[in-house]
Structures are given as structure tokens and as C-alpha cells.
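Structural overview for review
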Amino acid sequence: LKHYTINRKLKATLGVVALIACIIGVILISGILAVANNVKGIYQGPMNNVNDIANVKYGLTDLQRAINRLLAEGSDNMADRYANFEKTEDVNLVVSGVDDMDKHFKTEATRAKLSEMQAKINEGEKVRPQVMQLLKSGKIDEAYALNYNTYLPIVNEIKSLANDIETLVYQNGAVYYT
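Residues numbered from 1 in each chain as written. Predicted model: local features only at pLDDT ≥ 70, side-chain atom pairs only at ≥ 80, totals over all residues. Heavy atoms only, no water.

What to know about a nonpolar patch on the surface
Together, Val16, Ile20, Ile24 and Leu28 make up an exposed nonpolar region whose accessible area comes to about 370 Å². Structurally, Ile24 is set in helix α1 (residues 6–73). A relative accessible area of 45% places Ile24 in the partly exposed class. (Patch = residues over 30% accessible without salt bridge, like charges linked within 9 Å, V, L, I, M, F, W, Y side chains within 5 Å. Areas by Shrake-Rupley, 256 points an atom, 1.4 Å probe, with all protein chains shown as cover. Salt bridge = Lys/Arg side-chain N within 4 Å of Asp/Glu carboxyl O. Helix = DSSP H or I, 4+ residues; strand = E, 2+ residues; numbered from the N terminus. Buried < 20%, exposed > 50% of the residue type's maximum accessible area, 1.4 Å probe, protein only.)

Written as C-alpha cells, this is what we have:
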């Protein structure tokens, strides 16, 4: 090093400083990206579950609203109105919401409530087609009785379970931080 010229020593020093600065820059950028991903996970963890719960509630509400509308309209041209009645999007919304929750739920309490809700949804999916078939065949009084006495209480219980699950998610939100 003694025999190097000042110009060469300055260039070597500048090169070493630039190399160290690049290494530090890469480390800092990696750290910033890691922090950004953690912050994103903190927000999205519990919010994914809350969104799935909202999808279940919306899908059930929309299905029940549609059944109530058909009941309120009466039996005139029921076959025509029923032909336009396609609520697969709402059923899919409920099913996909429950499936997503099943993947994301981590606590025993939320998994137990979700199992209860899945059982009620399955029970409701056995009754809803019967209500729809009665509506399609124009048996409004029977459809109303089955809806009011059987299907509507199941829907309300599912909504209540969804509210319980939502409360559990809010209480245990830290568990869902990624």
C-alpha cells in the first residue's frame, strides 16, 4: 500500500466505500420489504376472516330476501318468476366464505363455532331446495310455512353463529397476524 499513488489509494478507498454502501443499501431495502410484508399481514390476517364472515351473512341475507320476495309476490306466474330466480352466486358466496374460514381459523373456539355453522348451513341447504320447489309448484302457503317455521330460524341461527365467530376473531385477532 506504501507504493501506491495517492490517486490509486483514493480510487481504492472510494471503491471500498461504494461497495460497503451498496451492501448496506441491499440490507436496508430487504429490511424495509420485510417490515412492509409484516404490516400487510397484520392488517390482512384478521380482515380476511371478517370479510369471509361478511360474505356468509350477505349471501344468506340475499337468499332469504329473494325467497321472501317470491312469497310476497304470490302465485301468479310463479313458474316464470322462478325461471329467472338464480341465486347460485349467493350460495357460492356462503360456501366460499366458509371454506376460506376453514383454512384460516387457528383457535379452537373459532373452529368449534365454524363447525356448528357448517352443520347449520348443511341443514339449511336441505330445507331451502324444498322451499324453492314448493314456490316453483305454486304452493305458496306451504312454502311460507316451511320458510317461516323451518328455514328462517336456521338462517337466523347461522347469522347468530357468524356474529359469534366475528366476535371471536376480533378478540383473538393477534392470532391471525402473519
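Focus: the pattern of salt bridges
Following the criterion strictly, the structure yields seven salt bridges and no others. Linking Glu157 and Lys120 is a salt bridge whose minimum nitrogen-to-oxygen distance equals 3.5 Å. Of this pair, Glu157 sits in helix α5 (residues 140–171) while Lys120 is found in helix α4 (residues 108–136), placing the two residues 37 residues apart along the sequence. A relative accessible area of 38% means that Glu157 is categorised as partly exposed. The structure contains a network of salt bridges with shared partners spanning Lys113, Glu116 and Asp164.

A look at the environment of Leu93
Here Leu93 is to be found in helix α3 (residues 88–104). For the pair formed by Leu93 and Leu60, sequence separation is 33 residues and the distance between their alpha carbons is 8.8 Å. Excluding residues that lie within four positions of it along the chain, Leu93 makes contacts with Asn55, Tyr58 and Gly59. (Contact = heavy atoms within 4.5 Å.)

Quick notes on the side chain of Lys120
Relative accessible area serves as the criterion here: at 16%, Lys120 is assigned to the buried category. Those residues in contact with Lys120 that lie beyond four places of it in its chain are Ile154, Glu157, Ile158 and Leu161.

Quick word on α4
Between its first and last C-alpha atoms α4 spans 42 Å; for 29 residues at 1.5 Å apiece the expected length is 42 Å, and the two agree. All buried positions along α4 are accounted for by Thr110, Leu114, Met117, Lys120, Ile121, Gly124, Val127, Arg128, Val131, Met132, Leu134 and Leu135. Positive phi appears at Gly138, one or two residues downstream of α4, with a value of about 85 degrees. (Expected span 1.5 Å × (residues − 1).)

Here's the deal with the environment of Ile67
Checked against the element boundaries, Ile67 lands in helix α1. What makes Ile67 buried here is its relative accessible area of 0%. With 64 residues separating them along the chain, Ile67 and Val131 place their C-alpha atoms 8.3 Å apart.

Here's the deal with the confidence of the model for the chain
Taken residue by residue, the chain gives an average pLDDT of 80. The fraction at 70 or more is 84%. Per-element averaging of pLDDT across the chain places helix α2 (residues 78–83) at the bottom with 55 and α5 at the top with 86. (pLDDT = per-residue confidence, 0-100.)

Details of the environment of Thr167
Looking at the secondary structure, you find Thr167 in helix α5. Each C-alpha atom of the pair Thr167 and Val50 lies 9.5 Å from the other, and the pair is 117 residues apart in sequence.

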